[in-house]
Amino acid sequence: APLLNPAISPLAWMLGTWVSEPAGKGEFPTITPFNYKEEAVISHAGQPMLNFTICSSNPDTGKALHRECGFIRINPGTNQVAFICAQNIGVVEIEEGEVEGEQLTLTSRSLSRMSFAKEPHVQQICRKFCLTAEGKLEQTVSMATSTQSLAPHLHVTYRKLSS
Ligand code: HEM
């Protein structure tokens, strides 16, 4: 495997193959709360960026649900991070924020969608990733839509399957 590019060492705590445990929890004021399974693969190829794929599924039937993939970049020598993400719901977005220790906080800076994307339309996405004291990865996502102001959508904790 290639050596970790030193530029991304502040994000090295995110590397690994992670699986939700317990199941992720989804909610939003306009929908019925739900549980989901999720696998996050966060890797690197020696370049100054992380590569990720995050795939969720129905925990009972295994049916594939939301998916996203992209890159996480850092402005070298700073704690400024960009999260570049394509989603299967027809949305692409760039979030930016800061890494502080083993916590990454992000807010969407630009977001666009295909012309025939389902409504309501997401207008803003805020996420947080952190590593817990037990070495688990945690992700929380809030969003605002065309019909609802910013509110929690997702919360999930992952166990590391492999580095
Ligand atoms: C609903 C966006 C991630 C599962 C929704 C809605 C939007 C949305 C706009 C419609 C809300 C409404 O009707 O008022 C997003 C965005 C995501 C994301 C932007 C990522 C940043 C996920 C993930 C799952 C998920 C990871 C896991 C399975 C659902 C479900 C619903 C929903 C089950 C309700 C049923 C439906 O309308 O399809 N999401 N979502 N979402 N989302 Fe997400």
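Coordinates for the structure precede this section.
The structure contained in this document is the topic of the report that follows. (Residues numbered from 1 in each chain as written. Predicted model: local features only at pLDDT ≥ 70, side-chain atom pairs only at ≥ 80, totals over all residues. Heavy atoms only, no water.)

Thr30, Phe34, Pro120, Met143 and His153 are the nearest of the 20 residues found near the ligand. One of the side-chain nitrogen or oxygen atoms of Thr30 is found 2.5 Å away from an oxygen atom of the ligand. Within the contact set of the ligand, a nitrogen atom lies 3.0 Å away from a side-chain nitrogen or oxygen of His153. Only strand 3 (34-43), strand 5 (64-74), strand 9 (122-131), strand 10 (137-145) and strand 11 (151-162) provide two or more residues apiece to the shell around the ligand. Here the shell around the ligand is composed, by residue class, of 10 nonpolar, 6 polar and 4 charged. (Near = heavy atom within 4 Å. Polar contact = N/O pair within 3.5 Å; in protein donor to acceptor, adjacent residues only side chain to side chain. Helix = DSSP H or I, 4+ residues; strand = E, 2+ residues; numbered from the N terminus. Nonpolar A, V, L, I, M, F, W, Y, C, P; charged D, E, K, R; others polar.)

Among protein atoms, the single one acting as a donor to the iron atom of the ligand is His153 (NE2), 2.2 Å away. Along the polypeptide, His153 turns up in strand 11. (Donors = N, O, S within 2.8 Å, 3.2 Å for Na, K, Ca; no water.)

A few words now on the pattern of salt bridges. According to the stated counting rule, one finds 6 salt bridges in the structure shown. For Arg127, the salt bridge identified is with Glu68, shortest N-O distance 2.7 Å. Residue Arg127 is located in strand 9, and its partner Glu68 is located in strand 5; the two are separated by 59 residues in the primary sequence. Neither residue differs from the other here; Arg127 and Glu68 are each classed as buried. We note a salt bridge from Arg127 to Glu93, for which the minimum N-O separation is 3.1 Å. You can see Arg127 sitting in strand 9 and its partner Glu93 sitting in strand 7 (residues 91-99), a full 34 residues away along the chain. In terms of burial, Arg127 and Glu93 fall into one category: buried. Taken together, the shared-partner salt bridges in this structure form one network comprising Glu68, Glu93, Glu95 and Arg127. (Salt bridge = Lys/Arg side-chain N within 4 Å of Asp/Glu carboxyl O. Buried < 20%, exposed > 50% of the residue type's maximum accessible area, 1.4 Å probe, protein only.)

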